[in-house]
Amino acid sequence: MDKALGKGYQLVMLDREKLSLTGVRKVQSFDPKEIVLDTGNGTLSVKGDQLGIKQLDLGSGVVEIEGRIDTMNYPRQTNNGTRPSLWGRIFR
């Protein structure tokens, strides 16, 4: 349960063409090839082609994405919520 938003986090994809998410706090970046979202479960990167945001309601944390979805990724994060530096990734 996402304590900050007071509701659960849900991700539903239909035919790799439509993606509905709840628990979204912020859209970090957007272009037709990649959309990066800050969610209750961390940063989510959605990659594909001709991606577009059909619905965006950050008040309720709802985002709907359309386009060809190729990958969804939650990048690895350190304990403080930031990605490790280049040297930290090289010398793990």
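Residues numbered from 1 in each chain as written. Predicted model: local features only at pLDDT ≥ 70, side-chain atom pairs only at ≥ 80, totals over all residues. Heavy atoms only, no water.

Chemist: I keep staring at the pairing of strand β6 (residues 62–73) and nothing clicks. Help me out?
Modeler: Look at any regular strand and the pattern is simple: side chains alternate between the two faces of the sheet. Of the pairings in the sheet, the one linking strand β2 (residues 18–22) to β6 comprises 4 bridges and is antiparallel in character. Bridged to Ser20 within β6 is Glu64. The pairing of strand β5 (residues 42–57) with β6 spans 10 bridges and is classified as antiparallel. The residue bridging Asp49 from the neighbouring strand is Arg68, located in β6. Between β5 and β6, which pair antiparallel one after the other, the connecting turn spans 4 residues, and Gly61 there sits at a positive phi close to 75°. (Pairing = 2+ DSSP bridges. Helix = DSSP H or I, 4+ residues; strand = E, 2+ residues; numbered from the N terminus.)

Chemist: Please explain the nonpolar core as it appears in this structure.
Modeler: In globular proteins that are soluble, nonpolar side chains generally tend to be buried together. Counting residues in hydrophobic clusters, the biggest one holds 11 residues: Leu19, Leu21, Val24, Ile35, Leu37, Leu44, Val46, Leu51, Val63, Ile65 and Ile69. Looking at this core, the elements with two or more residues in it are β2, β4 (34–39), β5 and β6. For Leu37, the contacting residues outside a window of four places in its chain are Leu21, Val24, Lys26, Val27, Gln28, Gly42, Thr43, Leu44 and Ile65. (Core = buried A, V, L, I, M, F, W, Y, C linked by side-chain atoms within 4.5 Å. Buried < 20%, exposed > 50% of the residue type's maximum accessible area, 1.4 Å probe, protein only. Contact = heavy atoms within 4.5 Å.)

Chemist: Is there a simple way to think about a nonpolar patch on the surface in this case?
Modeler: Taken together, the side chains of Leu11, Met13, Met72 and Tyr74 define a hydrophobic patch exposed on the protein surface, amounting to about 310 Å² of accessible area. Note that Leu11 resides in strand β1 (residues 10–14). Take Leu11: its relative accessible area is 31%, and that puts it in the partly exposed class. (Patch = residues over 30% accessible without salt bridge, like charges linked within 9 Å, V, L, I, M, F, W, Y side chains within 5 Å. Areas by Shrake-Rupley, 256 points an atom, 1.4 Å probe, with all protein chains shown as cover. Salt bridge = Lys/Arg side-chain N within 4 Å of Asp/Glu carboxyl O.)

Chemist: Even after reading the chapter, I still don't get the sheet that holds β6, so can you show me in this structure?
Modeler: Hydrogen bonds between backbone groups are what pair the strands of a sheet, and the pairing can be parallel or antiparallel. Spatially, β1-β2-β6-β5-β4-β3 is the arrangement adopted by the 6 strands of the open sheet, whose pairing is antiparallel. Strand pairing shows two members of the sheet lacking a second neighbour, β1 and β3 (24–31), which therefore form its edges. Along the sheet, successive strands turn relative to each other by an average axial angle of 40°, direction set aside. Sheet topology places β1 next to β2; 5 bridges connect them, and they run antiparallel. Considered in β2, the bridge of Val12 is made with Ser20. (Axes fitted to C-alpha atoms, helices over the stretch in contact; angles between N-to-C directions.)

Chemist: How do you make sense of the side chain of Thr39 when you look at a structure like this?
Modeler: Structurally, the position occupied by Thr39 is in strand β4. When its relative accessible area of 1% is taken as the criterion, Thr39 is described as buried. A distance of 3.1 Å separates a polar side-chain atom of Thr39 from the backbone nitrogen of Asn41. A distance of 2.6 Å separates a polar side-chain atom of Thr39 from the backbone oxygen of Gly42. When neighbours within four sequence positions are excluded, Thr39 is seen to be in contact with Tyr9, Gly23, Val24, Arg25, Leu44 and Tyr74. (Polar contact = N/O pair within 3.5 Å; in protein donor to acceptor, adjacent residues only side chain to side chain.)

So, to be careful, I would describe these as geometric facts and stop short of saying anything about function.
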